[in-house]
Amino acid sequence: IQAIRNVASDPEKYNEVHSYVRKQLDIEETLSKRLKKLSAKNFEDLLHPVFQEDEIILIVVGGVLGAVAGVLQTRVTFSGSNSRIKGIVVLASSLIA
């Protein structure tokens, strides 16, 4: 087993072995064909574990960016004179719609 690890870890030293295995297994073509055969749902199920560990980070960053955008939008929209009237009009129109 150690010999296999040595060969696998040093492709330059064992170039002939790597070339032979690459040619015989044709991993790139095999993966390409099999991935194309997957349905969208199966492909998503295949990739989900890869992104699962970073999923919480994406959710938190999205929430923070959304909150910042909301605060900025509120400041820009309801700043200046008549800001109370603007706020009441927006609130009333959202209740009616």
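Details of the structure are given in the entry above.
Starting afresh in each chain, residues are numbered from 1 along the sequence in its written order. Under the rules for a predicted model, residues below a pLDDT of 70 receive no local features and side-chain atom pairs below 80 are neither given nor counted, while totals for whole chains, interfaces and linings still include all residues. Only hydrogens and water are set aside when side-chain values are computed; all heavy atoms of the structure are taken into account.

Draft legend 1. Spotlight on the overall build of the protein. Scanning the protein for helices and strands turns up five helices and zero strands. Put simply, the radius of gyration uses C-alpha atoms, and a globule should come to 2.2 Å times the residue count raised to 0.38. For 97 residues, the compact-globule estimate of 2.2 N^0.38 gives 13 Å, and the protein exceeds it by more than 25% at 28 Å. For the protein, the spread of C-alpha atoms along the principal axes amounts to about 80 × 30 × 20 Å. The rule is simple: take the accessible area with a 1.4 Å probe, protein chains only, and divide by the maximum for that residue type; under 20% is buried, over 50% is exposed, in between is partly exposed. Out of the 97 residues belonging to the protein, those deemed buried represent 1%. What sets the accessible areas is the Shrake-Rupley method with a 1.4 Å probe; for residues, cover comes only from the shown protein chains. Surface exposure of the protein reaches about 9,000 Å², of which carbon and sulfur atoms provide 63%. Runs of E in the DSSP output that reach at least two residues are strands. Runs of H or I that reach at least four are helices, and both are numbered from the N terminus.

Draft legend 2. Broad picture of the pattern of salt bridges. Salt bridges are counted wherever a side-chain nitrogen of Lys or Arg sits within 4 Å of a carboxyl oxygen of Asp or Glu. Within this structure, the stated rule accounts for one salt bridge. Linking K41 and D45 is a salt bridge whose minimum nitrogen-to-oxygen distance equals 3.3 Å. One end of the pair is K41 and the other is D45, both in helix α4 (residues 40-77) and four residues apart, which spans about a single turn. For D45, a relative accessible area of 41% corresponds to the partly exposed category.

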